[in-house]
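Descriptive analysis of the structure
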Amino acid sequence: AAEGGWGEAPKCGIGVDISSKPPYTVQAVHTGIPADWSGMIKVGDVVEAVAGSSTADMPHQGVTQLFLGDHSTEVEVRLRREEKRVFSTWLLRCPSELTPAE
């Protein structure tokens, strides 16, 4: 992009940190962004799928890339909580400063 011009917009996420190896467990939910606003994602939840793709055999970078997308686009995340409850939630992607929730 030319200096001062319109470059490609940075990719946006949903506001979670996950463990570095499978099963990918939510380590932090950041404040003021979709994962926090939804109230659906909790620390300790296991990310089973993102955008319809199973995370079981996926490298960490692959999972984090699925969280990313253009601002205000939606992504479906399937989670498992406490080894028994499996559920999906749709979240909007948005930019953030990534401040962990209390």
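Above this text you will find the structure in question.
All of the points below concern the structure found in this document. Per chain, residue numbering runs from 1 following the sequence as it is written. Residues qualify for local features only when their pLDDT is at least 70, as the model is predicted, and side-chain atom pairs are given and counted only at 80 or more; totals for whole chains, interfaces and linings, by contrast, use all residues. Each side-chain value is derived from all of the structure's non-hydrogen atoms; neither hydrogens nor water enter the calculation.

The next point concerns the nonpolar core. Put simply, a nonpolar core is a bunch of buried Ala, Val, Leu, Ile, Met, Phe, Trp, Tyr and Cys residues held in one set by side-chain atoms that sit within 4.5 Å of each other. Only protein chains enter the accessibility calculation, which uses a 1.4 Å probe; a residue whose area is less than 20% of its type maximum is buried, one above 50% is exposed, and one in between is partly exposed. Ranked by size, the top nonpolar core spans 18 residues in total, and within it I14, V16, I41, V47, F67 and V77 carry the most contacts. Under the DSSP-based scheme used, a helix requires at least four consecutive residues in state H or I and a strand at least two consecutive residues in state E, with every element numbered from the N terminus. Broken down by secondary-structure element, the contributors of at least two residues to this core are β1 (16-18), β2 (26-29), β3 (46-50), α2 (60-67), β5 (74-81) and β6 (85-92). By residue number, the principal contributor to this core is β5, which donates three residues. Throughout, a contact is declared for two residues whenever any of their heavy atoms are within 4.5 Å. Apart from the residues lying within four places of it in its own chain, the contact partners of V47 are I18, Y24, V26, T55, F67, V77, R78 and L79.

Moving on, we get to unusual backbone geometry. With an omega of -5 degrees, the peptide bond between P22 and P23 qualifies as cis. Along the chain, P23 turns up in the loop between β1 and β2. Of note, the phi angle at A51 is positive, near 55 degrees, even though the residue is not glycine. Mapped onto the elements of the fold, A51 is located in the loop between β3 and β4 (53-54). Judged by relative accessible area, which is 46%, A51 ranks as partly exposed.

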